[in-house]
Amino acid sequence: MARISYYDRSKVSPKLGAIMDSLQPPLNVFRMVANSEPVARGFLKMGNALLDRGKLSPTLRELAILRVGWLSKASYEVYQHERIGRDVGLSEEKLRAVHRGAEASEFDEQEKAVLRFTDDVVKNVKASDATFKPVAAFLDPEQLVELTLSIGFYMMVSRFLETLEVDDQEGQAEWRAKYMPR
């Protein structure tokens, strides 16, 4: 059970209420972040920009997000982004291998470089030259910004989800028991 209540629809502005009503399905992460109206609007804009408006390959983005979720032990995040990963073309083999990281044989060299970079940023804050240079060799500055911000944004999301103990979505408990037991 979540540590605090989800937002109360009757206590938010009509604008945020309309935004929340438009989100289908009404995911618990959004219902929780809506407790702070100004933050909720910025959170949704940033998340949508990273997911829908960027130039970074959606498969590379999702691998990075999934790796952040695994490193953060954030089952809600991994569960949601496995679905998105499938939607953008990640195979089940790659989805099952993300928890093993860059050394898993399922990944090509660019995917491995993104996973190494992600690990470095999550664990050390600043990526070393050893992990930055390989991704800079095939990503342009716009894509590097998007990758780095995706990692940081989803680190924040994972910590938010775990700290507030946001409740599982339908089907998530069974998935977690199989793939990510606590």
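Note that the structure is predicted; figures quoted are calculated from it, not measured.

1. Focus: the environment of D140
Summarising the element assignment, D140 is placed in the loop between α8 (129–136) and α9 (141–163). Between the C-alpha atom of D140 and that of N35, which follows or precedes it by 105 residues, the distance is 37 Å. A distance of 3.1 Å separates a polar side-chain atom of D140 from the backbone nitrogen of E142.

2. Describing helix α1 (residues 14–22)
Those residues of α1 that sit buried are L16, G17 and M20. One side of α1 holds all its buried residues, which, seen down the axis, span an arc of 105 degrees. Set apart from the buried face of α1 by more than 90 degrees, the exposed residues are P14, K15 and S22. Buried residues in α1 make contact with α2 (28–33) and α3 (37–53).

3. Digging into the packing of aromatic side chains
In this structure the tally under the stated criterion is five aromatic pairs. Both rings, one in W175 and one in Y179, keep their centres 6.1 Å apart while their planes meet at 45 degrees; by these two values the pair is tilted. Highlighted residues: W175 and Y179, both in helix α10 (residues 172–179), separated by four residues, approximately one helical turn. The class of W175 is buried, set by a relative accessible area of 8%. What links up through ring pairs into an aromatic cluster is the set F43, F153 and Y154. One cation-aromatic arrangement involves R31 over Y6; the distance from NZ or CZ to the ring centre is 4.1 Å. Above the plane of the ring of Y179 lies R96, whose end atom (NZ or CZ) is 3.6 Å from the centre.

4. Remarks on the side chain of Q169
Within the secondary structure, Q169 is located in the loop between α9 and α10. Among the polar contacts listed, one links the side chain of Q169 to the side chain of Y76, at a separation of 2.7 Å. When neighbours within four sequence positions are excluded, Q169 is seen to be in contact with P26, L27, N28, Y76 and Q80.

5. Details of unusual backbone geometry
Note: most peptide bonds trans; most residues except glycine with negative phi. Going from Q24 to P25, the amide bond is cis rather than trans, its omega being -5 degrees. Its place among the elements puts P25 in the loop between α1 and α2. Of note in this structure, K73 is not a glycine but carries a positive phi near 55 degrees. Structurally, K73 is set in the loop between α4 (58–71) and α5 (75–87). Located in the positive-phi region is E165, a residue other than glycine, with phi close to 50 degrees. Residue placement: E165 occurs in the loop between α9 and α10. On the basis of relative accessible area, E165 is assigned to the partly exposed category, the value being 37%.

6. Describing the nonpolar core
Residues F30, F43, L147 and I151 are the most contacted members of the largest nonpolar core, which totals 41 residues. A total of eight residues in this core trace back to one element, the largest contributor, which is α9. With sequence-adjacent residues up to four places away left out, F30 is seen in contact with M20, L23, F43 and L44. Ranked by size, the runner-up nonpolar core spans 14 residues in total, among them L63, A104, W175 and M180.

7. Details of the pattern of salt bridges
Applying the stated criterion across every chain yields a total of 15 salt bridges. The salt bridge involving R83 is made with D87; its shortest N-O contact spans 3.8 Å. A residue pair is termed a helical-turn pair when its members lie 3 or 4 positions apart in one helix, as R83 and D87 do in helix α5 at four residues. With a relative accessible area of 60%, D87 lands in the exposed category. Taken together, the shared-partner salt bridges in this structure form one network comprising E82, R86, E92 and R96.

The rules behind these values
- Residues numbered from 1 in each chain as written.
- Predicted model: local features only at pLDDT ≥ 70, side-chain atom pairs only at ≥ 80, totals over all residues.
- Heavy atoms only, no water.
- Helix = DSSP H or I, 4+ residues; strand = E, 2+ residues; numbered from the N terminus.
- Polar contact = N/O pair within 3.5 Å; in protein donor to acceptor, adjacent residues only side chain to side chain.
- Buried < 20%, exposed > 50% of the residue type's maximum accessible area, 1.4 Å probe, protein only.
- Arc of directions from axis to C-beta.
- Contact = heavy atoms within 4.5 Å.
- Phe/Tyr/Trp six-rings, centres within 6.5 Å; stacked < 30°, edge-to-face > 60°.
- Lys NZ or Arg CZ within 6 Å of the ring centre and 35° of its normal.
- Core = buried A, V, L, I, M, F, W, Y, C linked by side-chain atoms within 4.5 Å.
- Salt bridge = Lys/Arg side-chain N within 4 Å of Asp/Glu carboxyl O.

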